[in-house]
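Here is what each chain is made of, one letter per residue.
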Amino acid sequence: VQLQASGGGLVQAGGSLRLSCKASDRTIGFDAMGWFRQAPGKEREFVTAFRWRGSSTYYANSVKGRFTISRDNAKNTVVLQMNSLKPEDTAIYYCAAAHGAVADYFNHYEYDYWGQGTLVTVSS
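Being a predicted model, the structure only gives us computed values, none of them experimental.

One open sheet accounts for 4 strands, arranged β1-β3-β8-β7; its pairing is antiparallel. Two strands lie at the open edges of the sheet, namely β1 (3-6) and β7 (67-72), each paired on one side alone. The mean angle between the axes of side-by-side strands here comes to 15°, regardless of whether they run parallel or antiparallel. The pairing of β7 with strand β8 (residues 77-82) spans 6 bridges and is classified as antiparallel. Considered in β8, the bridge of Ile69 is made with Leu80.

Here it is, written out as structure tokens:
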């Protein structure tokens, strides 16, 4: 399985960006897909995720109310809509997928597949 992320770029604070992640194979059988990010000099951190079976979604407190994750099953694509961006959102954003059952959706060790990352830069 390969994950191809796209949509990063430079935006001013308060602006919006839309990231997409396309899976090379059918996503059926995945337990979860989501997004993590890593800023320079910092550890990778959880942003958002959802379970394919059902409608459970999870968000980091820092992005609640500003970011929205959604999916297009027919296109094997996951989308991250980011609004009201802040300079502290600047990071490389990685999409991820978990094939097996996930115990902790916030933990990056639970995810089996990773995209190449796309850079989001928010200027003040």
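As a further point, take the state of the cysteines. If you walk through the whole model with that rule in mind, you get 1 disulfide. The residue that forms a disulfide with Cys21 is Cys95, at a sulfur-sulfur distance of 2.2 Å. Residues Cys21 and Cys95 share a disulfide whose torsion about the S-S bond is about 60°; that sign makes it right-handed. Residue Cys21 is found in strand β3 (residues 17-23), and its partner Cys95 is found in strand β9 (residues 91-98); the two are separated by 74 residues along the sequence. Take Cys95: its relative accessible area is 1%, and that puts it in the buried class.

Rules of the game
Residues numbered from 1 in each chain as written. Predicted model: local features only at pLDDT ≥ 70, side-chain atom pairs only at ≥ 80, totals over all residues. Heavy atoms only, no water. Pairing = 2+ DSSP bridges. Helix = DSSP H or I, 4+ residues; strand = E, 2+ residues; numbered from the N terminus. Axes fitted to C-alpha atoms, helices over the stretch in contact; angles between N-to-C directions. Disulfide = S-S within 2.5 Å. Buried < 20%, exposed > 50% of the residue type's maximum accessible area, 1.4 Å probe, protein only.

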